[in-house]
Amino acid sequence: MLVFEDDIKGDLIWMMTNILRFSRSLDGKGGDINPLILLYGPPGTGKTSLCQGLAQKISIRLNSTYKETQLIQIKTAALMSKYYSESAKQVDRIFMKISRMCQEDPEKFICVLIDEVESIAGSRHAVMQRSESQDSLRATNALLTGLDRTRGYPNVIFLCTSNMVESLDSAFVDRCGLKRSIEPPSLASQYEILRSRTQKLIVRGVIQSLEVLPSYEDAYVEAGVSAEHAGSKLLALVQLIRSGNAHAQCGTEISARSLTQLPEQAILRYLREEVCDLDLALNFFERFVLSEQGQGKSYGNKDADPHDNNDEKFEGIELRGRKRNLKIILEEDSTIAELEELLAELRRKRQREGEV
Ligand SMILES: Nc1ncnc2c1ncn2[C@@H]1O[C@H](COP(=O)(O)OP(=O)(O)OP(=O)(O)O)[C@@H](O)[C@H]1O
Ligand SMILES: [Mg+2]
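What you are looking at is a predicted structure, and each value in this text was computed from that prediction instead of being measured.

What counts and how
Residues numbered from 1 in each chain as written. Chains lettered and ligands numbered in written order. Predicted model: local features only at pLDDT ≥ 70, side-chain atom pairs only at ≥ 80, totals over all residues. Near = placed C-beta within 6 Å. Helix = DSSP H or I, 4+ residues; strand = E, 2+ residues; numbered from the N terminus. Nonpolar A, V, L, I, M, F, W, Y, C, P; charged D, E, K, R; others polar. Domains from an automatic or database assignment. Axes fitted to C-alpha atoms, helices over the stretch in contact; angles between N-to-C directions. Parallel < 35°, antiparallel > 145°, perpendicular 65-115°, else oblique. Left-handed = near helix turned anticlockwise from the far one by under 90°. Contact = placed C-beta atoms within 7 Å. Pairing = 2+ DSSP bridges. Expected span 1.5 Å × (residues − 1). Bend = angle between axes of the 7 residues up to and from the residue. Buried ≥ 20, exposed ≤ 12 C-beta atoms within 10 Å, placed from the backbone. Core = buried A, V, L, I, M, F, W, Y, C linked by C-beta atoms within 7 Å.

Student: Can you tell me about the site of ligand 1, naming the residues and giving the values?
Tutor: In the vicinity of ligand 1, 17 residues are found, and the nearest of them are Pro 43, Gly 46, Thr 48, Ser 49 and Ala 256. Looking at the shell around ligand 1, the elements that each hand over two or more residues are α2 (47–61) and α11 (256–270). Class assignment for the residues of the shell around ligand 1 results in 7 nonpolar, 8 polar and 2 charged. Two domains each put at least three residues into the shell around ligand 1: domain 1 (8–183 + 325–354) and domain 2 (187–295).

Written out as structure tokens, the structure reads:
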């Protein structure tokens, strides 16, 4: 299940329907707006999954107009490597085939998914400046020609994804009837992704629990009552992830892909017993996040010290759990400098907590 802050899927379905409404009303002449949709954004935000879902939804919506829908998925990266130096010809062939299908069976709706479109829609200007191989330049030309060739058909729509929108050819971006950025999940969506993934593991019996994890809003209420409730712990985990992101020198948001994998990865890494109850699982999740942040691997904390572990010593202060639970150890012979450092760390900690 994809989780987004607002009803992106519903919105996009309506916009696609409206684009098709325009092309149908023009009776094969082609309108000003291309049935070409571009979803762009950072990796792992759900662009490909969303496109697949949209293709399925649009086919259901159109089932009274078209007798069937065919999804054609173009694997651009494979196309570029497999048909190296021939990729333009291959793109051309694909578009010829799509045109033929549109013409031969007007009662069939064709939904074309071009994933990672930057592989065949890279900026021609950049290629020329770097005097690179002309292959990708020709592929971009073939794509643009192909899109123009299929423009007049009312029974086709193109869904494209990219996580390198800035490297796309401007003529391609210009042709997109709809461009929409897909952003990393908000705090509420992060909670919801973790909640639903954990709940799924409960349903599958991987985690033994009779609990139903609360919604984001309810978890907030629970957290006000006790930090020991499962919802409070999950919420604290999301905040821990966020604090790792916010304080990384070069912060990046956590991707939805990483979040969906977190519960299973944590359990596979740490479980050493037959039974895993919810409390144990939540402990593993926290341990996993702390460990990842400590190694600076992901969760936005790219620049963390690779030698940083969870129970570190830092100038007279023992920091447990990624500087979150500050445990103060002052030696008798602590110097003023150590004391000042300690106070500075405390101030930074408060500031961090205030931001969360
Ligand atoms: N918003 C989301 N809600 C829930 N799960 C998500 C979401 N976004 C991504 N995922 C999960 O992450 C996985 C990868 O998503 P997907 O491949 O669609 O991302 P993408 O944006 O296309 O990434 P990339 O740019 O790397 O191709 C999906 O299988 C899905 O489980
Ligand atoms: Mg993708």
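We are not done yet, so read on.
Student: Any details on the packing of helix α8 (residues 187–203) against α11? Residues and values, ideally.
Tutor: It is the contact of α8 with α11, at a shortest axis distance of 8 Å, that shows an interaxial angle of 30°. When the axes of α8 and α11 are compared, the pair comes out roughly parallel. α11 is crossed by α8, and the crossing has right-handed handedness. Between α8 and α11, the residues in contact are Gln 190, Ile 193, Leu 194, Arg 197, Thr 198 and Leu 201 and Ala 256, Leu 259, Thr 260, Leu 262 and Pro 263, respectively. Residue classes in the contact of α8 with α11 are distributed as 7 nonpolar, 3 polar and 1 charged.

Student: Quick rundown of the sheet that holds strand β3 (residues 108–115)? Include the residues and the values.
Tutor: With respect to topology, 5 strands assemble into an open sheet ordered β2-β3-β4-β1-β5, the strand pairing being parallel. Looking at strand neighbours, the two that pair on one side only are β2 (68–75) and β5 (178–181), the edges of this open sheet. Pairwise comparison of adjacent strand axes, ignoring direction, gives a mean angle of 15° for this sheet. As judged from the 4 bridges shared by strand β1 (residues 36–40) and β5, these two strands associate in the parallel manner. Residue pairing in the sheet places Leu 38 in a bridge with Lys 179 of β5. Against the sheet, helix α4 (residues 87–104) engages β2, β3 and β4 (156–162), with an angle of about 160° to β3.

Student: Give me α11: which residues, what numbers.
Tutor: An ideal rise of 1.5 Å per residue puts 21 Å on 15 residues; α11 measures up with 22 Å between its terminal C-alpha atoms. Roughly 45° is the biggest bend found in α11, and it falls at Leu 262, with proline Pro 263 one to four residues downstream. Residues of α11 that are buried: Ala 256, Ser 258, Leu 259, Thr 260, Leu 262, Pro 263 and Ala 266.

Student: Run through the nonpolar core, naming residues and quoting values.
Tutor: Within the largest apolar cluster, 40 residues are counted, with the highest numbers of intra-cluster contacts made by Ile 37, Cys 111, Val 112 and Leu 159. Considering each element in turn, this core owes the most residues, 6 residues, to β3. Counting 26 residues, the second largest nonpolar core, distinct from the first, contains Leu 234, Leu 240, Phe 284 and Val 289.

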